[in-house]
Amino acid sequence: MSKSINTIQSTAVPVNIENIDTDQIIPARFLKATSREGFGKNLFRDWRFENDDESKPKNFPLNNSTYSGKILVAAKNFGCGSSREHAAWAIKDYGFDVVVSSFFADIFKNNALNNFLLPVVVSDAFLQKMFDAISKDAKTEFEANLPEQFIKIVATGEQESFDINNYKKTCLLNGYDDIDYLLSMKEEIEAYETH
């Protein structure tokens, strides 16, 4: 399965709560595993279930079948708190490819990029437009266009550009981790070494 991200067009799941920290994204008791698989089932675990009992779901967007898609739309200051990379693993493993917020904690943002999860920073005003669009119609689609660096509300055509580090953009577009990136430059490196 390809890890690369190019253009994602999808519906979205709204989590309109500010200051979501990494312990809320993936509680500490689930951090024992070292592989990236299986974390998705515990994404926002304490907000989704009463006393960890899956037969007692809470009223939370991930439990609402009205919402689906590859884009998570979150309120301001997403991913604050501890530096656990597992937060990005859980979001990606759940099935999201894009997370949108008006502000990300730096460590979370870097962890997301390293795990082929695209963090898109938008203005507070555009973020509110996205929440409003989902509220009016849960089937509203958004387009996250990495090559051209914009996110768009498909139905209205309203869009906003976003910034991304050129190196990380290249890695996401090609599905490269840091080692893959170096290997992709093997011929140039060998030519430099030879001369």
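Below or above, wherever it landed, is the structure these notes cover.

How each quantity is defined
Residues numbered from 1 in each chain as written. Predicted model: local features only at pLDDT ≥ 70, side-chain atom pairs only at ≥ 80, totals over all residues. Heavy atoms only, no water. Patch = residues over 30% accessible without salt bridge, like charges linked within 9 Å, V, L, I, M, F, W, Y side chains within 5 Å. Areas by Shrake-Rupley, 256 points an atom, 1.4 Å probe, with all protein chains shown as cover. Salt bridge = Lys/Arg side-chain N within 4 Å of Asp/Glu carboxyl O. Helix = DSSP H or I, 4+ residues; strand = E, 2+ residues; numbered from the N terminus. Buried < 20%, exposed > 50% of the residue type's maximum accessible area, 1.4 Å probe, protein only. Phe/Tyr/Trp six-rings, centres within 6.5 Å; stacked < 30°, edge-to-face > 60°. Polar contact = N/O pair within 3.5 Å; in protein donor to acceptor, adjacent residues only side chain to side chain. Contact = heavy atoms within 4.5 Å. Core = buried A, V, L, I, M, F, W, Y, C linked by side-chain atoms within 4.5 Å.

## Section: a nonpolar patch on the surface
Here is step 1: A contiguous nonpolar surface patch, about 390 Å² in accessible area, is contributed by Ile 179, Leu 182, Leu 183 and Ile 189.
Here is step 2: The greatest single-element share of the nonpolar patch, amounting to three residues, is contributed by helix 7 (residues 178–184).
Here is step 3: Secondary-structure assignment places Leu 182 in helix 7.
Here is step 4: Residue classification places Leu 182 among the partly exposed positions, given a relative accessible area of 48%.

## Focus: the packing of aromatic side chains
Here is step 1: Taken as a whole and assessed by the stated rule, the structure comprises eight aromatic pairs.
Here is step 2: Both rings, one in Trp 47 and one in Phe 60, keep their centres 5.7 Å apart while their planes meet at 55°; by these two values the pair is tilted. In this pair, Trp 47 sits in helix 2 (residues 45–48) while Phe 60 sits in the loop between strand 4 (53–57) and strand 5 (71–74), placing the two residues 13 residues apart along the sequence.
Here is step 3: For Trp 47, a relative accessible area of 23% corresponds to the partly exposed category.
Here is step 4: Ring geometry for Tyr 94 versus Phe 96: centroids 5.5 Å apart, planes at 20°, classification stacked.
Here is step 5: Assessed through its relative accessible area of 33%, Tyr 94 is described here as partly exposed.
Here is step 6: Judged by its relative accessible area of 0%, Phe 96 is buried.
Here is step 7: Pairwise contacts between aromatic rings join Phe 44, Trp 47 and Phe 60 into one cluster.

## Some remarks on the side chain of Arg 84
Here is step 1: Following the sequence through the fold, Arg 84 ends up in the loop between strand 5 and helix 3 (86–94).
Here is step 2: For Arg 84, a relative accessible area of 16% gives the class buried.
Here is step 3: At a separation of 3.0 Å, a polar atom in the side chain of Arg 84 contacts the side chain of Ser 82.
Here is step 4: Excluding its chain neighbours within four sequence positions, the residues that come into contact with Arg 84 are Thr 22, Asp 23, Ile 26, Pro 27, Ala 28, Leu 31 and Asn 111.

## Brief notes about the nonpolar core
Here is step 1: Within the largest apolar cluster, 27 residues are counted, with the highest numbers of intra-cluster contacts made by Ile 25, Phe 44, Leu 72, Phe 78, Ile 91 and Phe 108.
Here is step 2: Going through the elements one at a time, strand 2 (12–15), strand 5, helix 3 and helix 4 (106–114) are the ones with two or more residues in this core.
Here is step 3: Here this core takes five residues from helix 3, the largest share from any one element.
Here is step 4: Setting aside chain neighbours within four positions, we find Phe 108 in contact with Ile 25, Phe 78, Gly 79, Ala 87, Ala 88, Ile 91 and Leu 117.
Here is step 5: Counting residues in hydrophobic clusters, the runner-up holds 26 residues, among them Ala 12, Phe 142, Ile 151 and Ile 164.

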